[in-house]
Amino acid sequence: MFGTRKIPLAQPPQEAGSSWPAIAIGAFVAFGGVLFGYDTGTISGILAMDYWRDTFSTGYRDPNGHLDVSPSQSSAIVSILSAGTFFGALSSPFLGDNLGRRWGLIISTWVFIVGVIFQTAATALPLFLAGRFFAGFGVGLISALIPLYQSETAPKWIRGAIVGAYQGAITIGLLLAAILDNATHLRQDTGSYRIPIAVQFAWALILIVGMLLLPETPRYLIKRNSMDKAAVSLGRLRRLSKNHPDILAELAEIRANHDYEMQLGKASYLDCFRGDMLKKQLTGMGVQGLQQLTGINFIFYYGTQYFLNSGIQNPFVISMITSSINVVSTIPGLYFIDKWGRRPMLLWGAVGMCVSQFLVAMLGTLTTGQTGDGTIVVYNLEAQKASIAFVCIYIFFFASTWGPLAWVVTGEIFPLKHRAQGLSITTATNWLLNWAIAYATPYLVNYGAGYANLQSKIFFIWFACCFLCIAFVYFFIYETKGLSLEEVDELYSEVDAARKSRGWRPTTTFRQRGSVAEKDGSAKGSSDSGAAVEQRDNLSASGDDGRV
């Protein structure tokens with residue numbers, strides 16, 4: 001049921017060197033997800049804080065007569081971060097391809113810090129909104145560059161778990177946000193919102209200091225034609241000498257793959273939608289867009305307010321519980337990503353989410369009502385508790401499957417030439433849908449003139465989207481577990497349908513393709529591949545092959 005390629009969660013015996021440096025580096029870089037998760041998660045609690053509502057209100061009062069921001073202002077506050085992330089994600093190749101994956105992440109984190117400064121200093125909406133945008137721009141850059149860095153440094157046998165750890169860090173960020181919001185929401189001073197916001201300085205500085213110590217990715221260095229530096233970087237990741245035969249062979253294959261791609265011309269954004277790239281690009285955009293349309297951010301953006309409206313007495317505690325489930329549920333997902341594979345986990349995750357969202361929609365719709373002024377009336381409190389239980393079950397299925405695997409899939413399907421652009425477009429798709437949901441939700445859920453007043457019925461929309469996820473996985477998601485990034489490229493070129501990808505094995509390498517091209521008279525292909533092999537031989541002659 002879960003695929004045919006069995007990948008043990010231990011370093012294969014034929015793999016030389018040690019994988020723990022690459023695993024440790026990938027796990028640390030995933031820490032950037034804490035910035036992503038914390039920043040998106042903290043706003044839900046802040047919007048429900050009495051002091052913040054009094055301070056930032058421009059005169060609007062809620063149905064209970066309490067000063068508050070209007071639904072349109074709430075929509076703008078939540079969604080402007082997503083707007084910033086959209087533009088940040090699209091801008092990521094300019095940093096990632098020109099300055100490098102490592103320095104790109106460092107600069108992106110400083111942009112994020114500017115946004116945090118603005119939000120912390122704000123006492124009125126204009127500066128708070130500006131801070132949200134700049135923080136979002138930084139998060140957008142980070143969210144595209146981290147999976148890129150992880151994919152290019154991780155060993156293939158555990159790449160899924162390493163890239164998926166990024167989603168695990170996002171869930172930890174959401175949990176920390178819920179904890180800090182719960183700890184400060186009763187304060188009647190600026191500390192109620194400034195403390196949760198200012199804590200983000202710590203997350204940012206940890207990431208900056210760590211990235212200053214980490215190596216650049218070997219694939220980026222090959223892209224910049226720095227073969228010797230690439231050998232040093234890969235040797236550091238594998239804990240081998242830069243002249244070890246396995247290091248030289250892996251570098252030669254990466255170089256041959258890149259040269260093969262470059263024969264077809266330089267990469268541009270338009271090229272991501274042409275030829276063989278079109279299927280990969282649409283797959284990446286589809287999986288990232290559908291990840292948002294499952295409804296997860298409705299729970300973490302507006303969950304506190306939704307639970308309050310549903311008659312729950314302590315919505316902050318419920319938010320902490322859902323965030324905790326989100327963190328814990330990611331762990332089995334990371335374990336099984338490289339054991340069961342991408343396709344079965346995404347498929348069964350979509351089924352579980354679909355059933356859960358349908359039951360939440362039915363329970364909420366049938367057991368609640370409204371008075372003439374829009375006040376929510378709960379007819380059956382036990383049914384509402386059951387609804388929250390199914391929300392938690394939904395979170396389990398999301399966090400263990402679609403949460404991490406959307407980043408895994410998009411991090412490994414693009415060739416080196418297009419990887420930065422392809423990832424930036426797929427990440428921007430994620431944030432565009434994130435923005436649309438954040439902006440539209442108050443208008444869809446709230447009561448009053450000009451609002452749809454869907455309340456719990458909105459879960460029918462998430463149910464329909466989860467149903468689409470099932471079909472999408474069947475027709476578009478290729479099984480890529482246990483393959484190198486270069487072998488994934490070969491998989492797409494040889495297999496025309498996703499459902500036929502299970503059990504596929506590579507039959508040639510790009511170095512062999514270069515040799516065939518030479519015999520057929522393709523001088524450029526042979527010279528490029530030959531240069532990689534020649535450099536490998538030169539490096540072999542210049543030093544020992546021992547472990548370091």
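Procedures and definitions
- Position numbers for residues start from 1 in each chain and track the written sequence from start to end.
- Owing to the predicted nature of the model, reporting of local features is limited to residues with pLDDT of at least 70; listing and counting of side-chain atom pairs is limited to 80 or more, with chain, interface and lining totals taken over all residues.
- With hydrogens and water set aside, each side-chain value is computed from the structure's full complement of heavy atoms.
- UniProt positions are given in the numbering used here, feature names are shortened, and annotations may be inferred rather than shown by experiment.
- Secondary structure follows DSSP: runs of H or I at least 4 residues long count as helices, runs of E at least 2 residues long count as strands, and numbering of each begins at the N terminus.
- Burial status follows relative accessibility: with a 1.4 Å probe on protein chains alone, a residue under 20% of its type maximum counts as buried, one over 50% as exposed, and anything between as partly exposed.
- A 1.4 Å probe and the Shrake-Rupley method give the accessible areas. Residues count as covered only by the protein chains that appear here.
- A helix is expected to span 1.5 Å multiplied by its residue count minus one.
- Across the chain, bend at a residue is computed as the angle between axes fitted to the seven residues ending at that point and the seven starting from it.
- Polar contacts, as counted here, are pairs of nitrogen or oxygen atoms within 3.5 Å of one another; within protein the pair requires one atom able to donate a hydrogen and one able to accept it, and residues that are adjacent in sequence qualify only if both atoms are side-chain atoms.
- Throughout, nonpolar core names a set of buried Ala, Val, Leu, Ile, Met, Phe, Trp, Tyr and Cys residues whose side chains join them through atoms within 4.5 Å.
- Any pair of residues with heavy atoms lying within 4.5 Å of one another is described as a contacting pair.
- Where helices are involved, their axes are fitted lines through C-alpha atoms of the stretch in contact, as for all axes, and angles between N-to-C directions lie from 0 to 180°.
- Relative orientations are named as follows: roughly parallel for angles under 35 degrees, roughly antiparallel for angles over 145 degrees, roughly perpendicular for angles from 65 to 115 degrees, and oblique for any other angle.
- If you view the pair so one helix is near and one far, a crossing is left-handed when the near helix is turned anticlockwise from the far one by less than a right angle, and right-handed when it is turned clockwise.
- Only Asp, Glu, Lys and Arg are considered charged, only Ala, Val, Leu, Ile, Met, Phe, Trp, Tyr, Cys and Pro nonpolar, and every remaining residue, Gly among them, polar.
- When a carboxyl oxygen of Asp or Glu lies within 4 Å of a side-chain nitrogen of Lys or Arg, that pair is called a salt bridge.
- Patches were defined on residues exceeding 30% relative accessible area and lacking a salt bridge, with like-charge contacts within 9 Å and nonpolar side-chain contacts (Val, Leu, Ile, Met, Phe, Trp, Tyr) within 5 Å.

By the naming in an unreviewed UniProt entry, the protein is Glucose transporter-like protein, taken from Lasiosphaeria ovina. Per UniProt, the comment on the protein under Subcellular location (unreviewed entry) is "Membrane". Per UniProt, the protein carries the Sequence similarities (unreviewed entry) text "Belongs to the major facilitator superfamily. Sugar transporter (TC 2.A.1.1) family."

Asker: Go over the overall build of the protein with me, naming the residues and quoting the values.
Answerer: Helix and strand content of the protein: 22 helices and two strands. Burial statistics for the protein: of 548 residues in total, 57% are counted as buried. Total accessible area on the protein is roughly 20300 Å²; 65% of this is exposed by carbon and sulfur atoms.

Asker: Could you give an account of the environment of Ile-172, naming the residues involved and the relevant values?
Answerer: Positionally, Ile-172 belongs in helix H7 (residues 159-184). We classify Ile-172 as partly exposed; its relative accessible area is 38%. When the C-alpha positions of Ile-172 and Phe-31 are compared, they lie 9.3 Å apart, and in sequence the two are 141 residues distant.

Asker: Let's hear about helix H17 (residues 381-412): which residues, and what values?
Answerer: Between the first and last C-alpha of H17 there are 46 Å, a value that for 32 residues agrees with the 46 Å anticipated at 1.5 Å per step. The largest bend in H17 amounts to roughly 45° and is located at Phe-398. Where H17 begins, one side-chain oxygen reaches toward the backbone nitrogen of Glu-382, 3.1 Å away; that side chain belongs to Asn-380.

Asker: Tell me about the nonpolar core, and name the residues and values.
Answerer: By size, the foremost hydrophobic cluster in this structure holds 103 residues, and its most contacted members are Trp-52 and Trp-402. With 10 residues, H17 is the largest single contributor of residues to this core. Among all residues touching Trp-52, those that are not within four sequence positions of it are Ile-46, Leu-47, Val-69, Ile-77, Phe-128 and Tyr-193. Residues Tyr-220, Met-227, Leu-234 and Ile-247 belong to the second largest nonpolar core, which totals 11 residues.

Asker: Tell me about the packing of H7 against helix H8 (residues 191-198), residues and numbers included.
Answerer: Relative to each other, H7 and H8 sit at 155°, their axes nearing to 9 Å. As judged from the angle between their axes, H7 and H8 are roughly antiparallel. Where H7 crosses over H8, the handedness of that crossing is right-handed. Of the residues in H8, those in contact with Leu-180, Asp-181 and Thr-184 of H7 are Gly-191, Ser-192, Ile-195 and Pro-196. Classifying every residue of the contact of H7 with H8 by side-chain character gives three nonpolar, three polar and one charged.

Asker: Could you give me a rundown of the pattern of salt bridges, with the residues and numbers involved?
Answerer: According to the stated counting rule, one finds 18 salt bridges in the structure shown. Between Arg-53 and Asp-68 there is a salt bridge, and its shortest N-O distance comes to 3.5 Å. Of this pair, Arg-53 sits in helix H3 (residues 50-56) while Asp-68 sits in the loop between H3 and helix H4 (71-96); the two residues are 15 residues apart in sequence, bridging distant segments of the chain. Judged by its relative accessible area of 10%, Asp-68 falls in the buried class.

Asker: Describe in detail a nonpolar patch on the surface, supporting the description with residues and values.
Answerer: Side chains of Leu-99, Trp-103, Ile-107, Val-209, Leu-212 and Leu-213 sit close together on the surface and give an oily, nonpolar patch of about 560 Å² of accessible area. Within the residue set of the nonpolar patch, elements represented by two or more residues are helix H5 (101-121) and helix H9 (200-213). Here the nonpolar patch takes three residues from H9, the largest share from any one element. Along the chain, Trp-103 falls in helix H5. What makes Trp-103 partly exposed here is its relative accessible area of 40%.

Asker: Please give an account of unusual backbone geometry that cites residues and values.
Answerer: Despite not being glycine, Asn-225 shows a phi value in the positive range, around 65°. If you trace the backbone, Asn-225 turns up in the loop between helix H10 (218-223) and helix H11 (227-238). Among the residues examined, Asn-225 registers a relative accessible area of 53% and is labelled exposed. Phi at Gln-455 takes a positive value of approximately 50°, unusual for a residue other than glycine. Mapped onto the secondary structure, Gln-455 falls in the loop between helix H18 (416-445) and helix H19 (458-476). With relative accessibility at 13%, the residue Gln-455 sits in the buried group.

Asker: Provide a residue-level description of H8, including the pertinent values.
Answerer: All of the buried residues in H8 are Gly-191, Ser-192, Tyr-193, Pro-196 and Ile-197. Those residues of H8 that are buried are in contact with helix H2 (32-46), H3, H5, helix H6 (125-153), H7 and H9.

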